[in-house]
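Each chain is listed here by its residues.
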Amino acid sequence: MDFKFSEKEEMLRKAVREFAENELPPKMEAMEETGEFPMALLKPMAEVGITGIITPTEYGGVGMGYLARTIVLEELGRVCGAMPMAMQVHHMGCAAISDFGTDEQKEKYLTRLAQGETMGTVAVTDPAGGSDVIGMKATAELKGDKYILNGRKCFMTNSHTSDFWVVIAKTGEGAKGMSAFIVDKDAPGAKLGRKENKFGLRGANTGELAFDNCEVPKENLLGQEGGGLGVAIKTISETGRTGMAATALGILTATWEEAGKFASERVLYGKPISALQAIQFYMAEIYSQLEICRLLCYRASWMKDQGMRCDTETALAKYYTCESAVNAAKKAIEIHGSYGIMKEYAVQRLFRDAMVTVPAGGTAEIAKVVLARAALTPFKK
Amino acid sequence: MNRIIVCVKPVPDPRHWDKVTMDPATMTLKREGIPSILNPLDKHALEAALTIRESRGGEVVSLTMAPPFVDSILREGLAMGADRAVLLSDPAFAGSDTLATALILAAGCKWIGEFDLVLCGNLSIDGSTAQICSQLGELLDLPSVMHVIGLEWLDNDRAIITQRIEHGRVRMEAASPIVVSVLKELNKPRYIPFTGILEAESKELKVISNQDLKIDPGLIGLNGSPTKMAGLEVRRFERKRERVEGSIDEIVQALADKIHQYGII
Amino acid sequence: MTVNNDNGIWVFAEQRSGDLHEVSLELLGKAREIAGQANSMVTAVLPGHNIRHLAQTLIDHGADSVLIADDPQLDTYRLLPYALALECLIRDYQPEIFLMGATALGVELAPRVAAKVRTGLSAHCIDLNLNEKGHLLQVVPGWGGGVIATITCPDHRPQMATVMPGAMKAVCHEGREGDIRNVEIRLPEDHFGPRVLEIKKKAPEGLPLEKAEVVIAGGWGIGDQEEWAMIEELAGILKGAVGATRPPVDEGWAQEGQMIGQSGKTVRPTLYIGVGISGVMHHVVGMDQSKHVISINSNPNAEIFDVSDVIVAEDFRKILPPLLKELKSRLKD
């Protein structure tokens, strides 16, 4: 076991940190106000390689793998949680097409995503069911050389900033009755729905899509007909969970730093409050969670890079890191005392951002279903 | 354009400067635990070189005089886009002042071979002497221009250079080869692209010593430097919290005296 | 060839188009002081073209003699001919010490000259002294001011230093007597490097807050717009910039860009004077790197006093009016 990062990985971290610290803060005030993704940053992020980090070089990506991606998202999240949220969903779009697309589909769509010409997303969640994927009501019926899509998709990150979406809909019944499609924004019958107003991770657009007899060419079927559940599950469990975990990890890192700085500067009773044992214990707890989550996130992404089965580890990293980020942020607010509830201080945003990561990209409850399986299966009689 | 040499220097990270201590015996600064970064202005110099290479071709070589353990900093320059890196490292170089350093860098430039342009940052954030550009130019017997905020390379191996002076700008036309030091207004350095990080691994980073440069040891290092350190002090800011009391008149006089003492009036 | 066996203290008289830079006069003041200690003479070196009229000013400010190197090639400042001219003079006259201002010109010229004559040069000195051997002690800041080094140049001559403008004080005695001498310098008719195409002069801009040497900051305690005028007046007198905490900005007495603190600017002036400021942390983080901090607040337990060097626990309305008067009268002298 080698717990060290390579020189390349250290350089990567340093490079992203510099990018994040310089480019994100000037945009953050507007993001908090409007909730809009700063489109002006898409090209610079593409230029350094953020948008194409997991996409193979043949399709305009950098092909650096999931551990590198975790480092990138973590460093972005340390400055502004909304950025990795938007980027990780973008990567889900990349992964779905990369893993299940034909060469033609990859030529047509994947390169554009990797190079940041547009943003990617995978539309799974239906108003009828998020966690209950099979319960979705969106349908797709083959008529001649087109599929006709009907239904709505909600809580989609990047919905309004994407030129095309990967959409999962029912072509049959049950687990083998879903299919994945690449739907162009301009497809007849495709409509942008409402934009959501989240209380955290503001700057990652979240919205609804509506399909009213939407025509999707047959060639845009992604993967096999009936294989849609597989597309959704693989993308969510391997790309989505690691992405959300890394986002939360960045937020948790920032929380630790804010709390540590404040505790070391704030003077009460003639000393910085970091001299008080109660505060020290809070900091110890925050730091312990940070270290644990780092290990969980890095291990899960390492396993993915090795081609190992990792859905349990990704579920654990996602649920545990998001939960820890919220708990740490709560403690950090309390360390700040009444300063912690003032908007001028970062901790309130970190708390809101952390909370949004909890249900996004997979609830804790679903994660625990996965973990329970791993916990009990060895003892099944 | 054949070759641009960019002089880059690792400097202690300013975010950790408050950790510096001094060894009173040797009167040197102890930098343990203080990480290094690439001197910020040197990034602007690298960016200028890379921009010229994009339109005019040629090779960009980074040149550094430093102790041997600065690999990762130099790899950053390679990741940014430099083609190769040359590190001049030798115990004989240690303690060199600016004249000695310029002598060593000049020897390094000559060792690298023919070049059209030498770029460096106007100053480094630690020593901040801003003396290398002019001295390097003199020792290479080449024209030099400092405080550069505009650099346009023309077809006929000439350049239009804009220099910032107090209250104004000077525009000049120069022939290559030339030594130029840049200010941050010149450009916005590109962020290190991830592809660059992957490529940097296989780019050449060559370490050469005085055995290769063969500079007279009497002209370099601590002993060969004309300037010597006679005293060194690390400043720690501790507020004085001096209460000024008395009649209004007395207070006002005391304040005016303080303002005078601080050198303001 | 030694023409003059007075190996003295030289000061470079910097001029562009006949405009003499203040720093040269400041350096003459310091040179005069050092010359007194070393029992030596001060020479102002004035390269240029048609600049003889500047000589008396240099003498008034402390030069015992002025060496004028007048040549048409030195009309517009260019690095190479100026460096060559100074090299010739140094080799002919062999001065002990050669001081230049750390201006844009000086910072470029001095190292070139030092390299030409293979001597030592220290940069951006904030102070100069003599040691017991009569050698020049050059005090320079490094590491952003966190480290102060004292440099000497024991074995090479001249001992050269560039000095920060404003670090030394100019002293004028009008009508002083001194020696003005025209010197022949041998400048080859050469290309001399870059050709100047154009010089664009700009009116000096208003000083950005982050660069100000003096910052006068006002807080909620100022009370109203009328009283705020005193903050601006104090800044004006001390040639500083005005800063504020959040409440004065909200009240409209100050602008957003003048706000100092967590969500505003960070300042590092030589002198920060806080008036009517309580000193909450999100303001303090923007000014606690100031070199000297004076605070005036009627609350004797104001937090700002913890981060102050000089504390005045009085109502600023009682202190500022007489202080403004006192400063004005001192500046007149």
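**Student:** Let's hear about the overall build of chain B: which residues, and what values?
**Tutor:** Broken down by element type, chain B carries eight helices and 15 strands. Reported as C-alpha extents along the three principal axes, the dimensions of chain B are approximately 75 × 45 × 40 Å. In chain B, buried positions account for 57% of the 265 residues. When contacts within chain B are restricted to residue pairs at least 6 apart in sequence, those whose partners lie at least 24 apart make up 73%. Total accessible area computed for chain B in this model is approximately 11400 Å², and 51% of it derives from carbon and sulfur atoms. Taken together, the 30 basic and 36 acidic charged side chains of chain B have centroids lying 3 Å from each other.

**Student:** Describe the interface of chain C and chain B, and please don't skip the residues or the numbers.
**Tutor:** Chain C puts 79 residues into the contact, and the matching count from chain B is 69 residues. Carbon and sulfur atoms supply 61% of the area that chain C and chain B bury against each other, a total of about 6500 Å² over both sides. When the buried area of chain C at its contact with chain B is split by residue, Arg112(C), Trp143(C) and Arg330(C) rank highest and sum to 13% of it. We note a salt bridge from Asp309(C) to Arg239(B), for which the minimum N-O separation is 2.8 Å. Linking chain C to chain B there are 35 residue pairs in polar contact (both at pLDDT 80 or more). Along the lines of polarity and charge, the residues of the side of chain C that touches chain B split into 42 nonpolar, 19 polar and 18 charged. Where strand S14 (residues 228–234) of chain B and strand S10 (residues 147–152) of chain C come together, six bridges link them in antiparallel fashion. Bridge pairing in S10(C) places Leu232(B) opposite Ala149(C).

**Student:** If you had to explain the packing of aromatic side chains to someone new, which residues and values would you point to?
**Tutor:** Taken as a whole and judged by the stated rule, the model has 15 aromatic pairs over all chains. Ring plane angle 55° and centroid distance 5.9 Å describe the contact between Trp10(C) and Tyr93(C), whose orientation is recorded as tilted. One end of the pair, Trp10(C), is in strand S1 (residues 9–12); the other, Tyr93(C), is in helix H3 (residues 79–93), and 83 residues separate them in sequence. Across this residue pair, the class does not change: Trp10(C) and Tyr93(C) are buried. Ring centres of Tyr77(C) and Tyr82(C) lie 5.0 Å apart, and the angle between their planes is 65°; on these two criteria the pair is classed as edge-to-face. By relative accessible area, which is 9% here, Tyr77(C) ends up buried. Of the residues examined, Tyr82(C) reaches a relative accessible area of 1% and is grouped as buried. Here the basic side chain of Lys304(A) rests over the ring of Tyr66(A), its NZ or CZ set 5.0 Å away from the ring centre.

**Student:** Go over the interface of chain B and chain A, please, and point to the residues and values.
**Tutor:** Counting residues at the interface gives 17 residues for chain B, matched by 20 residues for chain A. Here chain B and chain A share four salt bridges between them. The salt bridge involving Glu23(A) is made with Lys188(B); its shortest N-O contact spans 2.6 Å. Run the count over chain B and chain A and you get six residue pairs in polar contact (both at pLDDT 80 or more).

**Student:** Describe the environment of Lys239(C), naming the residues involved and giving the relevant values.
**Tutor:** Residues and elements named next belong to chain C. Along the polypeptide, Lys239 turns up in the loop between helix H5 (225–237) and strand S15 (241–244). For Lys239, a relative accessible area of 73% corresponds to the exposed category. For the pair Lys239 and Ala217, spaced 22 residues apart in the sequence, the C-alpha separation amounts to 13 Å.

**Student:** Go over the side chain of Ser225(B), please, and point to the residues and values.
**Tutor:** All names here are of chain B. Structurally, Ser225 can be placed in the loop between helix H7 (221–224) and S14. Owing to a relative accessible area of 1%, Ser225 belongs among the buried residues under this scheme. Here the side chain of Ser225 touches Asp97 through a polar contact of 2.8 Å, landing on its backbone nitrogen. At 2.7 Å, the side chain of Ser225 and the backbone oxygen of Gly221 are in polar contact. Ignoring sequence-local partners within four residues, the contact set of Ser225 consists of Gly95, Ser96, Asp97, Ala100 and Ile220.

**Student:** Account for helix H4 (residues 104–116) of chain C, with residues named and values stated.
**Tutor:** Spanning 13 residues, H4(C) covers 19 Å between terminal C-alpha atoms, matching the ideal 18 Å at 1.5 Å per step. Taken from the residues just after H4(C), Arg118(C) is the one with a positive phi, measuring 50°.

**Student:** Tell me what's going on with the layout of surface pockets, and back it up with residues and numbers.
**Tutor:** Residues and elements named next belong to chain A. Here the second largest pocket defines a volume of roughly 1200 Å³. Lining the second largest pocket are 43 residues, and of these Gly130, Ile236, Gly361, Gly362 and Thr363 lie nearest its centre. When residues of the lining of the second largest pocket are traced back to their parent elements, those giving at least two are helix H5 (82–100), strand S3 (146–157), helix H7 (228–265), helix H9 (311–336), helix H10 (347–357) and helix H11 (364–376). Taken together, the residues of the lining of the second largest pocket sort by class into 23 nonpolar, twelve polar and eight charged.

**Student:** Before we move on, could you go through the domain arrangement of chain A and cite the residues and values that matter?
**Tutor:** Residues and elements named next belong to chain A. Split by domain assignment, chain A resolves into domain 1 (7–114), domain 2 (122–226) and domain 3 (230–379). On a C-alpha basis, the centres of domain 2 and domain 3 stand 30 Å from each other. Listed per partner, the contact involves eleven residues of domain 2 and twelve residues of domain 3. Buried surface at the junction of domain 2 and domain 3, summed over both partners, amounts to about 890 Å²; 82% is from carbon and sulfur atoms. In terms of surface lost to domain 3, no three residues of domain 2 exceed Ser131, Phe199 and Leu201, which account for 55% of the buried area on that side. Our count for the contact surface shared by domain 2 and domain 3 stands at zero salt bridges. For the pair domain 2 and domain 3, the interface holds two residue pairs in polar contact (both at pLDDT 80 or more). When the residues that make up the side of domain 2 that touches domain 3 are grouped by side-chain class, the tally is seven nonpolar, two polar and two charged.

**Student:** Can you tell me about the environment of Val48(A), naming the residues and giving the values?
**Tutor:** Note on placement: Val48(A) falls in helix H3 (residues 42–48). On the basis of relative accessibility, which here comes to 6%, the residue Val48(A) falls in the buried class. Measuring from C-alpha to C-alpha, the distance between Val48(A) and Leu350(A) comes to 26 Å, with 302 residues separating the pair along the chain. Contacts of Val48(A), omitting those with residues within four sequence positions, involve Phe19(A), Tyr191(B), Ile192(B), Pro193(B) and Phe194(B).

**Student:** Can you explain the pattern of salt bridges? Please cite residues and give values.
**Tutor:** For the structure shown, the criterion picks out 58 salt bridges over all chains. A salt bridge links Glu173(A) to Lys170(A), with the nearest nitrogen and oxygen atoms 3.9 Å apart. Each of Glu138(B), Glu87(C), Arg91(C), Arg112(C) and Lys116(C) takes part in salt bridges that share partners, so that together they form one network.

**Student:** Describe the sheet that holds strand S13 (residues 195–201) of chain C, listing the residues and the values that go with them.
**Tutor:** Across the sheet, ten strands lie side by side as S13(B)-S7(B)-S6(B)-S1(B)-S8(B)-S12(B)-S9(B)-S10(B)-S11(B)-S13(C); this open sheet has mixed pairing. Single-partner strands in this sheet number two, and they are strand S13 (205–208) of chain B together with S13 of chain C. Here the strands of the sheet are splayed against their neighbours by 30° on average, with no regard to which way each runs. Bridge analysis of strand S9 (residues 144–153) of chain B against strand S12 (residues 178–182) of chain B gives three bridges, and the strand direction is parallel. Bridge pairing links Val148(B) to Val182(B) in S12(B).

**Student:** A description of the nonpolar core should follow, citing residues and the corresponding values.
**Tutor:** Formed by 119 residues in total, the largest nonpolar core has its most connected members in Leu119(B), Leu151(B), Ile161(B) and Phe194(B). When residues of this core are assigned to their parent elements, the largest contribution, eleven residues, is made by H7(A). When residues of this core are sorted by domain, at least three fall in each of domain 1 (7–114) and domain 3 (230–379) of chain A. Look past the residues within four positions of Phe194(B) in its chain and what remains in contact with it is Leu12(A), Val16(A), Val48(A), Gly49(A), Ile50(A), Ile53(A), Val62(A), Met64(A) and Val72(A). Formed by 39 residues, the second largest nonpolar core is a distinct cluster that contains Val11(C), Ile97(C), Leu128(C) and Trp143(C).

**Student:** Describe in detail empty space enclosed by the protein, supporting the description with residues and values.
**Tutor:** The final tally for this structure, using the stated rule, is four cavities of 30 Å³ or more. Along the walls of the largest cavity sit 17 residues, with Met172(B), Tyr77(C), Arg78(C), Leu79(C) and Glu108(C) positioned nearest its centre. Secondary structure elements with two or more residues in the lining of the largest cavity: S9 and strand S11 (168–175) of chain B together with H3 and S13 of chain C. Residue composition of the lining of the largest cavity, by class: eleven nonpolar, three polar and three charged.

**Student:** Outline the pairing of S12(B), listing residues and values.
**Tutor:** All names here are of chain B. In terms of burial, S12 is a largely internal element, five of the five residues being buried. Looking at chain direction, strand S8 (residues 117–121) and S12 are connected through five bridges and run parallel. Note that in S12 the partner of Leu119 across the bridge is Val180.

What counts and what doesn't
Residues numbered from 1 in each chain as written. Chains lettered and ligands numbered in written order. Predicted model: local features only at pLDDT ≥ 70, side-chain atom pairs only at ≥ 80, totals over all residues. Heavy atoms only, no water. Helix = DSSP H or I, 4+ residues; strand = E, 2+ residues; numbered from the N terminus. Buried < 20%, exposed > 50% of the residue type's maximum accessible area, 1.4 Å probe, protein only. Contact = heavy atoms within 4.5 Å. Areas by Shrake-Rupley, 256 points an atom, 1.4 Å probe, with all protein chains shown as cover. Lys, Arg positive; Asp, Glu negative; His and termini not counted. Charge placed at Lys NZ, Arg CZ, Asp CG, Glu CD. Buried area = accessible area lost by both parts, 1.4 Å probe. Salt bridge = Lys/Arg side-chain N within 4 Å of Asp/Glu carboxyl O. Polar contact = N/O pair within 3.5 Å; in protein donor to acceptor, adjacent residues only side chain to side chain. Nonpolar A, V, L, I, M, F, W, Y, C, P; charged D, E, K, R; others polar. Pairing = 2+ DSSP bridges. Phe/Tyr/Trp six-rings, centres within 6.5 Å; stacked < 30°, edge-to-face > 60°. Lys NZ or Arg CZ within 6 Å of the ring centre and 35° of its normal. Expected span 1.5 Å × (residues − 1). 1 Å grid on protein atoms, 1.4 Å probe; cavity = no way out; pocket = protein on both sides within 12 Å on 5 of 7 lines; lining within 4 Å. Points joined across faces, edges and corners; volume = space filled by probe spheres on them. Domains from an automatic or database assignment. Axes fitted to C-alpha atoms, helices over the stretch in contact; angles between N-to-C directions. Core = buried A, V, L, I, M, F, W, Y, C linked by side-chain atoms within 4.5 Å.

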